[in-house]
Amino acid sequence: MQTVLVTGGAGFIGANFILLARKLAWANVINLDKLTYASNLENLAELQGEKNYHFVQGDIGNFELVSYLLEQYQPEAIINFAAESHVDRSILNPENFIQTNVVGTFQLLEASRLYWQKLSPSRQQQFRFLHVSTDEVYGSLKSQDAAFREDTPYAPNSPYAASKAASDHFVRAYHHTYGLPTLTTNCSNNYGPRQFPEKLIPLTILNAMDGKPLPIYGDGQNIRDWLYVIDHCEAIQLVLQQGKIGETYNIGGLNEQTNLIVVEKICAILDELVPKSDYSHSSLITFVKDRPGHDRRYAIDCSKISQDLGWQPQENFDSGLLKTVQWYLDNPEWVNQVRSGAYKNWLKQNYDHKKLE
Ligand code: NAD
Ligand code: TYD
């Protein structure tokens, strides 16, 4: 069985990926995570004590630590999920994004390069560095524009997108210059169990469960392509095992929705699952001041991964959203633990100045 160093594995996508990898028993996993506000070790509690899973708290930007872990565990692959991942936070405090997403990825690449260069030729050939990135690097689409392809020029608009774009360029350069066997995936908005409730879908579910306002930025007509997290994790495994070295792969849900429709669908599910006698959940919808520089539309053309590797998203939006809402209803301890003082401070910081329109 191969050994994989996963970074950022205590976050939303990384945790779902590790749980799936261990369920399918295709990899030993070393999880390196700094444990920022977005992480949650509860996500991985069921793996505690497993001999094929090790957790290490630390920063991808810590070159010495990463080098030590590579020597110690001799992984065949690194999958880099670690990042500051929320656009609104990047608007209020961009510096962390440069530190982790740009400098951190650089240090991780540098440690990986030195480790890889010392491997035997056959192990060098086997090794992969897979970098998980976003469709936001391509910028914003108009309604009639064709979806993002792998050769769409980069045009990042938020500090988050710019920092991810920079990291993607470093990954590309490490392949081109040093021959490091890299793979890059650019995916659309993920949703599913275990997502920190600063992002639209879990924020809406938790606020609606509490009878609190459901904030919609601007006119609610911004469009995102929603990808179920398990579909994404399966695509990453496939790219790791069968992707062509040095290539990038777009991963999307084939599921474009306006934000208003997403929120209305969540409300309709909650009306079914948690009926309230006095109001419907959609009456909580509240239009608020728009996000600065808000990208209008993202859409992914995922025909490359489909044609070359045979991947297609399996989940449809209605069933994926139902599973997601049900997960938050079924896990009140997870939800209560996440709603800490730090989370309340974030809600105040992000929403107090977005006055009702
Ligand atoms: P997340 O914010 O839920 O989790 C990020 C994890 O990385 C956290 O556990 C955090 O503690 C860890 N981390 C942060 N800085 C670190 C550092 N310096 N060293 C080590 N660990 C660190 O993010 P996510 O939603 O799981 O996203 C994972 C990856 O997928 C990110 O690279 C993100 O840019 C990308 N992505 C996410 C989405 C999405 O919709 N969530 C969409 C496209 C791309
Ligand atoms: P988000 O989940 O933050 O992801 P991203 O910015 O990476 O796409 O936001 C998804 C969409 O929902 C985006 O268009 C912004 C919008 N949004 C709201 O309307 N209200 C909110 O409270 C949040 C967090 C997001």
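Okay, so let's go over this structure.

What counts and what doesn't
Sequence positions are assigned chain by chain, starting from 1 and proceeding in written order. The order in which chains are written sets their letters, starting at A; the order in which ligands are written sets their numbers, starting at 1. Totals for whole chains, interfaces and linings use every residue, but because this is a predicted model, local features are given only for residues with pLDDT of at least 70 and side-chain atom pairs only at 80 or more, for both listing and counting. The side-chain numbers reported here are obtained from all heavy atoms of the structure, hydrogens and water having been left aside. Working definition: helices are DSSP H or I runs of at least four residues, strands are E runs of at least two. Numbering for both runs from the N terminus. For two strands to count as paired, DSSP must find a minimum of two bridges between them. Throughout, an axis means a line fitted to C-alpha atoms (over the contacting stretch in the case of helices), and angles, computed between N-to-C directions, take values from 0 to 180 degrees. Here a residue is considered near a molecule or strand provided that any single heavy atom belonging to it is located within 4 Å of it. Side-chain atoms alone can form a polar contact between residues adjacent in sequence; in general such a contact is a pair of N or O atoms within 3.5 Å, and within protein one must be able to donate a hydrogen while the other accepts it. Per-residue and other accessible areas were derived by the Shrake-Rupley procedure at a 1.4 Å probe size, with only the shown protein chains allowed to occlude residues. Following the grouping adopted for this structure description, the nonpolar residues are Ala, Val, Leu, Ile, Met, Phe, Trp, Tyr, Cys and Pro, the charged ones are Asp, Glu, Lys and Arg, and the polar ones are all others, Gly among them.

Details of unusual backbone geometry
Line of reasoning, step 1. Residue Ala-25 is not a glycine yet carries a positive backbone phi of 50°.
Line of reasoning, step 2. Positionally, Ala-25 belongs in the loop between α1 (12-24) and β2 (27-33).
Line of reasoning, step 3. Phi at Leu-254 takes a positive value of approximately 50°, unusual for a residue other than glycine.
Line of reasoning, step 4. Relative to the helices and strands, Leu-254 is located in the loop between β10 (248-251) and β11 (256-258).

Some thoughts on the sheet that holds strand β5 (residues 128-134)
Line of reasoning, step 1. Taken in spatial order, the 7 strands of this open sheet run β3-β2-β1-β4-β5-β6-β10, and their pairing is parallel. Taken across any chain shown, the strands that pair with only one partner, and hence form the sheet edges, are β3 (53-57) and β10. Averaged over all pairs of adjacent strands, the angle between their axes in this sheet comes to 20°, without regard to strand direction.
Line of reasoning, step 2. Direction of pairing for strand β1 (residues 2-7) relative to β2: parallel, over a ladder of 6 bridges. Bridged to Val-6 within β2 is Asn-31.

Some points on the site of ligand 2
Line of reasoning, step 1. As a structural note, the neighbourhood of ligand 2 is formed by 18 residues, with Glu-136, Arg-224, Arg-291, His-294 and Tyr-351 the closest of them.
Line of reasoning, step 2. The contact in question runs from an oxygen atom of ligand 2 to an N or O atom on the side chain of Glu-136, over 2.5 Å.
Line of reasoning, step 3. Pro-215 places a main-chain nitrogen or oxygen 2.9 Å from a nitrogen atom of ligand 2.
Line of reasoning, step 4. Taken by itself ligand 2 offers 500 Å² of open surface, and the protein chains cover 98% of this.
Line of reasoning, step 5. Elements supplying a minimum of two residues to the shell around ligand 2: α3 (87-92), α7 (200-210) and β8 (214-217).
Line of reasoning, step 6. If one sorts the elements of the shell around ligand 2 by residue count, β8 sits on top with 3 residues.
Line of reasoning, step 7. Broken down by class, the residue content of the shell around ligand 2 amounts to 7 nonpolar, 5 polar and 6 charged.

Details of the site of ligand 1
Line of reasoning, step 1. Near ligand 1 lie 28 residues; those nearest to it are Ile-13, Asp-33, Ser-85, Tyr-160 and Lys-164.
Line of reasoning, step 2. At a separation of 2.9 Å, an oxygen atom of ligand 1 approaches a polar backbone atom of Thr-36.
Line of reasoning, step 3. Between an oxygen atom of ligand 1 and a main-chain N or O atom of Asn-190, the distance comes to 2.8 Å.
Line of reasoning, step 4. For ligand 1, whose free accessible area comes to 840 Å², the fraction covered by protein is 97%.
Line of reasoning, step 5. When residues of the shell around ligand 1 are traced back to their parent elements, those giving at least two are α1, β5, α6 (159-178) and β7 (189-191).
Line of reasoning, step 6. The leading source of residues in the shell around ligand 1 is β5, at 3 residues.
Line of reasoning, step 7. Broken down by class, the residue content of the shell around ligand 1 amounts to 12 nonpolar, 12 polar and 4 charged.

Read these as geometric descriptors, not functional statements.
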